[in-house]
Every structure is written in C-alpha cells, then in structure tokens.
Amino acid sequence: GGKRDFLQVREQRAYYDWVIFNMEHFAGWHKWMNGIIKSIAPNIPTHAKIMAEVFDRGRIFRGVDPELFCDVTDLAGNDCWSWPRPVEFYAYSWQIEEMWYDLLHSFKGQSVFNSENHFITDRSPAKSINPEHTRCIFWQGALHHQGVTTAWVWEEASDPVLEGSIYFRPANIHAASEAMFDLNRLAGEVKAVSSHQGEVAILYSMTSLFWEEDYTQALATAYAALNFSGQQVTFISEKQLASGQRSSANAKIRYIIIPRATHVKEGTVKGLAEFVAKGGRILALGNDNLKYDEYHRELKLPASLENIPSIEWVIARDELVAVDLRESLEKMGLKITRLLLPVKNEATWGLEYRVVPQGKGALVPITNMMNKTMEFRVPLEGKAIDLLSGKTVNLQKMELAPMESCLLQIE
C-alpha cells in the first residue's frame, strides 16, 4: 500500500505482468508433462514437488503459483519443512507447514503429498532432537490434509548435507513409526477431523502478495488466531471468488477474513459482493483492504463493501489480535468453543484444537504448540476418552507437555 511515485508504479506494473506470465508459463509446462503421463498411464496419480515459498515475497520471481499447479495435478504435491528449533514462545516452527498444507487443500480439496518432508535440518550435529517433535509433525500433518509423505532422508551420509538425518537417530525413527501406527489405527477419526468443513476462510491474494509487504504477516496472524480458536482454517482465492467455484474445503464458509489485502482484482470485488449478498460476512484485518487493483489503481467498491467491519492488526501481537478477531466473529454469529485456563475464564493461546461433531458427541484433537506445559479445561460435557493413550480424561483438568497431542472422543 502507501504512496508510490509514478516511475516506481510503472516499473512494478511491468514486473507484475512478468511475474504472472512466468507463473502461467511454468504451470503450463507442467500441464503439458502431466498430459504426456496421462496419455500413457491415465490412472496413475500425479503431483509436482513445489516448495513452500509462496509466502516469501522475495521468491515470487521463481514462477510458482500453487493454485495453478493444483489445477493440473491429481495430488497437492510439495516440498516443505517444520524445523525442531523453538520460535519465540512456540516449541517448534509449526506454522509454515500447516498453513501451506491448508492452502494447497483449499484449491481443489486434494490430498496433500509432501514428498520431501524436512523436519531435521541438514548437517545437524550429533545432539539429540526431541522425538516428540518428530511424532508431532507427522500427526499434525495428517490433521491438515497430508495423505502421504516421504521423510527426508533415508540413506547413508554420502554427502555432508545428509549428515544428522533421521537415518542416524533411533529415537526419532521410533517416534515417526509410533505416529504412523497411530494414524493407521485411527484413520477413520483422523479423516473425520481433516475433512470437516469449516466456516471461516482467509483470502488468498496473489495480487496482494505481490504488492503489499505486510500481507503475508497479517495472513499468518489471522491463521494463528483462527487455529488457536478451534477453527478448521481454510482459504479462498481470488480466482475462486471471481469464478464462483469453490472446492470441498471452502464450500460451506460463511465468513471471510481479509488480511491487509490492499490489492485485488475487480473480479475478486464482485465475488466478495456476491458472497455478502448471499448472507456471507467479511471481517478486515488492518487498513487499506481492497483499496487498489492489480496495477495499483484505486478501486471503486460497491456499497456492500464500503464499510466492512475491521480490527486493528499489530505486527507480532498475534495473541492480542486473536481476542478482537474472536469477539468480532462471535458478534457476526460464529459459535466458538474456547479452551480455558484452569482458574481464569480466559481463552488459552498456543493450543491448536478443533471440535468436530460426531453423532451426539464430538472429536476434539488438541496439540500443545507452546514451549511450556499447558494446563486447561475443555468446556464440554460428557465422558471423554483420549484415543491416542486409551485413557479416560477429566475435561475440567487437562495438561499437555510441549508438542504433546490428544484426540478426545466425547460422548
């Protein structure tokens, strides 16, 4: 956003055109290759291993638009990472992988295939890596639509870059195996959680990704706030809004979060207006949303979009933003079940969870993303069993260590 001089805008317009051309050309080449494979073996599912770099504006020139790639392949293929090192108050860097999986799934409802799953950094020294992290990334991946994955890497260190991998770490091999056994044993329940259709979507805008440097950070804020508020987070793209076509992932959304999406196409504006006309609600995060088109020309908004409710976005203050976001969505009609701190009636932060109806009860997966043990209570009634441990739990007094998960079945 902000003011740009004429020459800068003219150069950026030309660069925008080149970036979009490059993305369409690169995806088109993969479409051509996919066609060759399908002509020989039509029933073989295909994927392309694109890296999770779409949220990095500095790499937009590489020509990868994940939506275009998902359009031409059967599986949402990718190469992604989730490092074991702590990030601020989180136990590990969980967000990029989960956000990436949910974005890929939102385009066509495809199963995600991470065919180069990095969870231990290359050249890791001969020091222990918490096995809980290894277990956690496989478990969490499955809850976020990962149907198949290939762990990096299972071979001798013939090259220094391969040193320190899971191949040399028995405790982490055990943790990965334990996660796989749990996922196969609980496949039905995991599928029920992963395929549950949420009500809230975040606007995915390649246009804002190009023009607005705050867009990806505001998007990440919205994602964390929704994830820690028990929501099944998905995305809706500009292309989907303009065409009116949705996937199974965002077919039932009633709310759209616009996270500092300062630049969008006219078709996006029309799609949002149609969404509102059909009873949908929009909540803006930050200033100057929907202000410009893809060439940095001011947009004229229809009356229904002129006074969208908005909340302040403050960088690096996700927890505070989440409070306003939850309250605003609840005023709009969204029902939110909060996990609560033991004594106070305040919502927890850093516990990822969802409440998925199952018969007269619910499935409630919970994972502690914080780097400290979390005590909390679940404000639901009924008998609860943790399907991972097989133990009965007291919903009014629960505790999870960092990166520990439970899958509650409440009857």
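Bear in mind that the values here come from a model prediction, so they are computed numbers and not experimental data. (Residues numbered from 1 in each chain as written. Predicted model: local features only at pLDDT ≥ 70, side-chain atom pairs only at ≥ 80, totals over all residues. Heavy atoms only, no water.)

Draft legend 1. A look at the overall build of the protein. When helices and strands are counted, the protein shows twelve helices and 17 strands. Overall, the C-alpha framework of the protein stretches about 60 × 55 × 40 Å when taken along its three principal axes. For the protein, with 411 residues in total, the buried portion stands at 53%. A separation of at least 24 residues holds for 75% of the contacts in the protein among residues at least 6 apart in sequence. Looking at the protein as shown, the accessible area adds up to about 19000 Å², and 52% of this sits on carbon and sulfur atoms. The average position of the 43 basic charges and that of the 51 acidic charges among the side chains of the protein differ by 4 Å. (Helix = DSSP H or I, 4+ residues; strand = E, 2+ residues; numbered from the N terminus. Buried < 20%, exposed > 50% of the residue type's maximum accessible area, 1.4 Å probe, protein only. Contact = heavy atoms within 4.5 Å. Areas by Shrake-Rupley, 256 points an atom, 1.4 Å probe, with all protein chains shown as cover. Lys, Arg positive; Asp, Glu negative; His and termini not counted. Charge placed at Lys NZ, Arg CZ, Asp CG, Glu CD.)

Draft legend 2. Region of interest: the nonpolar core. Core analysis: the largest hydrophobic core is formed by 110 residues, its most contacted members being Trp100 and Ile366. Among the elements that take part in this core, helix 8 (residues 215-227) stands out by supplying nine residues, more than any other. Leu183, Val190, Leu363 and Leu407 belong to the second-largest nonpolar core, a separate cluster that totals twelve residues. (Core = buried A, V, L, I, M, F, W, Y, C linked by side-chain atoms within 4.5 Å.)

Draft legend 3. Focus on the state of the cysteines. Per the counting criterion, the structure on display carries zero disulfides. We note that Cys70 lacks a disulfide partner, and the nearest cysteine sulfur, in Cys80, lies 13 Å from it. In this structure Cys70 comes out as buried when scored by relative accessible area, which is 2%. Residue Cys136 stays outside any disulfide, its sulfur separated by 12 Å from that of Cys406, the closest cysteine. (Disulfide = S-S within 2.5 Å.)

Draft legend 4. Representation of the packing of helix 8 against helix 12 (residues 318-331) within the structure. Helix 12 packs onto helix 8 with a crossing angle of 65° between their chain directions and a minimal axis gap of 9 Å. One way to sum up the angle between helix 8 and helix 12 is to call them roughly perpendicular. Seen from above, helix 8 lies across helix 12 with right-handed handedness. Across the interface between the two elements, Thr221, Ala224, Ala225 and Leu226 of helix 8 pack against Asp318, Val321, Ala322, Leu325 and Leu329 of helix 12. Grouping the constituent residues of the contact of helix 8 with helix 12 by class yields seven nonpolar, one polar and one charged. (Axes fitted to C-alpha atoms, helices over the stretch in contact; angles between N-to-C directions. Parallel < 35°, antiparallel > 145°, perpendicular 65-115°, else oblique. Left-handed = near helix turned anticlockwise from the far one by under 90°. Nonpolar A, V, L, I, M, F, W, Y, C, P; charged D, E, K, R; others polar.)

Draft legend 5. The arrangement of the pairing of strand 3 (residues 112-118) in detail. Of all seven residues in strand 3, seven are buried, a share of seventy percent or more. One crossover worth recording links strand 2 (residues 76-81) to the parallel strand 3 by way of helix 3 (residues 95-108), and it is right-handed. Relative to strand 4 (residues 146-151), strand 3 runs parallel, the two sharing four bridges. Bridge assignment links Asn117 to a residue of strand 4, and that residue is Ala151. Where the polypeptide runs from strand 3 across helix 4 (residues 131-143) and back to strand 4, its parallel neighbour, the crossover connection is right-handed. (Right-handed = clockwise from strand over helix to strand, strands pointing away. Pairing = 2+ DSSP bridges.)

Draft legend 6. Geometry of the sheet that holds strand 4. Spatial strand order, 1-2-3-4: four strands in an open sheet with parallel pairing. Every interior strand has two partners, whereas the edge strands, strand 1 (50-51) and strand 4, have only one. Two elements, strand 2 and strand 3, share six bridges in a ladder whose sense is parallel. Considered in strand 3, the bridge of Trp81 is made with His118. Packed onto the sheet, helix 3 meets strand 1, strand 2, strand 3 and strand 4 and runs at close to 170° relative to strand 2.

Draft legend 7. Molecular detail of the layout of surface pockets. Of the voids in this model, the largest pocket is the one considered here, and its volume is about 700 Å³. Together, 28 residues line the largest pocket, and Val87, Gln95, Ile96, Met99 and Ala220 are the ones closest to its centre. Among the elements of the structure, helix 3, helix 8 and helix 12 are those that each provide at least two residues to the lining of the largest pocket. Per-element tally for the lining of the largest pocket: the top contributor is helix 8, with four residues. Split into classes, the residues belonging to the lining of the largest pocket amount to 16 nonpolar, five polar and seven charged. Computed from the structure, the second largest pocket encloses a volume of approximately 520 Å³. In terms of lining, the second largest pocket is formed by 27 residues, of which the most central are Ala142, His145, Gln146, Gly147 and Ser194. For the lining of the second largest pocket, the residue count by class is nine nonpolar, 17 polar and one charged. (1 Å grid on protein atoms, 1.4 Å probe; cavity = no way out; pocket = protein on both sides within 12 Å on 5 of 7 lines; lining within 4 Å. Points joined across faces, edges and corners; volume = space filled by probe spheres on them.)

Draft legend 8. Representation of helix 6 (residues 187-194) in the model. Listing the buried residues of helix 6 in full gives Val190, Val193 and Ser194. Angular distribution of buried residues about the axis of helix 6 spans 95°; they occupy a single face of the element. The exposed residues of helix 6 that point more than 90 degrees off its buried face are Gly188 and Lys191. Each element contacted by the buried residues of helix 6 is listed here: helix 4, helix 5 (170-185), strand 11 (356-358), strand 12 (361-368) and strand 17 (405-410). (Arc of directions from axis to C-beta.)

Draft legend 9. Spatial organisation of the sheet that holds strand 6 (residues 234-237). With parallel pairing, five strands are arranged side by side in an open sheet as 6-5-7-8-9. Looking at the sheet topology across the chains shown, the edges are occupied by strand 6 and strand 9 (310-311). Note that strand 5 (residues 200-204) and strand 6 share four bridges and pair parallel. Residue pairing across strands places Tyr204 opposite Ser237, the latter belonging to strand 6. In the packing of helix 3 onto the sheet, the strands contacted are strand 5 and strand 6, and the crossing angle to strand 6 comes to about 50°.

The values reported here are purely geometric and, on their own, carry no functional implication.
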